[in-house]
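# Structural characterization, general
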Amino acid sequence: MQSKISLATITTDEKIKYYLLTENEALHEITKTAKDVNEILNLPSTTLVRLILNNFHWDQDMLTGKFSFILMKIRKFYFVLEKFFTDPEKLFKELNVANPYLSPSLQSNPLSPGHAPERDPMLAVVEQMATDNTNKICRTCYSENPSDEFYALRCRHQHCLTCWHSYLEVNIGQHGCLRPIYCLSRCLEVIDDEKILELLSNDQNLCDRYRNNLVKAFVEANRLTQWCPGNGCATIVKLNTYSANRAHVIECDNCKTTFCFQCSKPWHEPIQCSLLAKWEQKNRDESMTGTWVIA
Ligand SMILES: [Zn+2]
Ligand SMILES: [Zn+2]
Ligand SMILES: [Zn+2]
Ligand SMILES: [Zn+2]
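Residues numbered from 1 in each chain as written. Chains lettered and ligands numbered in written order. Predicted model: local features only at pLDDT ≥ 70, side-chain atom pairs only at ≥ 80, totals over all residues. Heavy atoms only, no water.

As annotated in an unreviewed UniProt entry, the protein carries the name RBR-type E3 ubiquitin transferase and comes from Rotaria magnacalcarata.

### Describing the packing of helix 7 (residues 161-175) against helix 9 (residues 204-221)
One way to put it is that helix 7 packs onto helix 9 with a least axis distance of 11 Å and a crossing angle of 40°. Regarding the angle of helix 7 to helix 9, the classification is oblique. Helix-helix and strand crossings are classified by hand; for helix 7 and helix 9 the assignment is left-handed. Counted together, His165, Glu169, Ile172 and Gly173 of helix 7 and Leu206, Arg209, Tyr210 and Asn213 of helix 9 form the full contact between these two elements. Considering only residue class, the contact of helix 7 with helix 9 consists of three nonpolar, three polar and two charged. (Axes fitted to C-alpha atoms, helices over the stretch in contact; angles between N-to-C directions. Helix = DSSP H or I, 4+ residues; strand = E, 2+ residues; numbered from the N terminus. Parallel < 35°, antiparallel > 145°, perpendicular 65-115°, else oblique. Left-handed = near helix turned anticlockwise from the far one by under 90°. Contact = heavy atoms within 4.5 Å. Nonpolar A, V, L, I, M, F, W, Y, C, P; charged D, E, K, R; others polar.)

### Section: unusual backbone geometry
Trans is the common state for peptide bonds, and a negative phi is the common state for residues other than glycine. In this chain, Glu269 is followed by Pro270 through a cis amide linkage whose omega measures 5°. Of note, Pro270 is situated in the loop between strand 11 (258-260) and helix 10 (273-294). You will see that Asn42, though not glycine, has its phi angle at about 55°, which is positive. Inspection of the secondary structure assignment puts Asn42 in the loop between helix 1 (23-41) and helix 2 (46-55). Classification of Asn42 as exposed rests on a relative accessible area of 60%. The phi angle at Lys256 is positive, at roughly 60°, despite the residue not being glycine. Following the sequence through the fold, Lys256 ends up in the loop between strand 10 (249-251) and strand 11. On the accessibility criterion, Lys256 (65% relative accessible area) is exposed. (Buried < 20%, exposed > 50% of the residue type's maximum accessible area, 1.4 Å probe, protein only.)

### Section: the environment of His28
Examined against the element boundaries, His28 turns out to sit in helix 1. Judged by relative accessible area, which is 55%, His28 ranks as exposed. Spatially, the C-alpha atoms of His28 and Val215 are 9.8 Å apart, while their sequence positions differ by 187 residues.

Dropping the structure here:
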């Protein structure tokens, strides 16, 4: 991560430190920040922390300081979830509601493994039909695979790696990285981003697409980051600290573009971003009028 100093904003000579990041460095930062924040939040999945951080513009202090009451609510919610996974029967009894997972009508999902209804439905799928010591039959696709080609989250719902791959592909295609991906058995356990990338490691295209989704969401949500607007340049600029005036001059060493952090236009001192936008709009309007006159 390369660090640089911006020497001015449009109206002041305020100096600010900034960094030039590659996509891999941004990904590293996403993982590290989500893990650090989860030391405080203690949620069952760092993907949930990442999604919460997106909503808080990656402002850790705001998330863990001002909004600590929200954290308490989140923790309470996950405490209930935790109970749900460890002893669902007890939880439903405490809440005085019937366990909906005992209803046979919920078993029609073609992606969910079938199970013997007389047994505990939450764990029935764990009992894989072992054909010998090393192979298992996947309850989703019924193919026989070596046991090390299965994966289960904490809920212990096991599925073969091929089923996981197809399931992740569909989810990433529909929602990118903006929603948590739950267990293939449609329980409430969430799969971590790191595990998603690991399960997709034999599909370079999909793996790259998911990484790219993660970085894009991070850059767009984060108040301190911006893409370099240089042609075909994938450099990410990150300010060291937040300042109200974001019209800092930024130089990208990779494509040699000099631009304004706030509006991403070529550096436009001494005109302010809003004036530049108005001037550009006026030019567009006038060229439209010219086209009408010619017509
Ligand atoms: Zn399968
Ligand atoms: Zn599950
Ligand atoms: Zn650049
Ligand atoms: Zn600007």
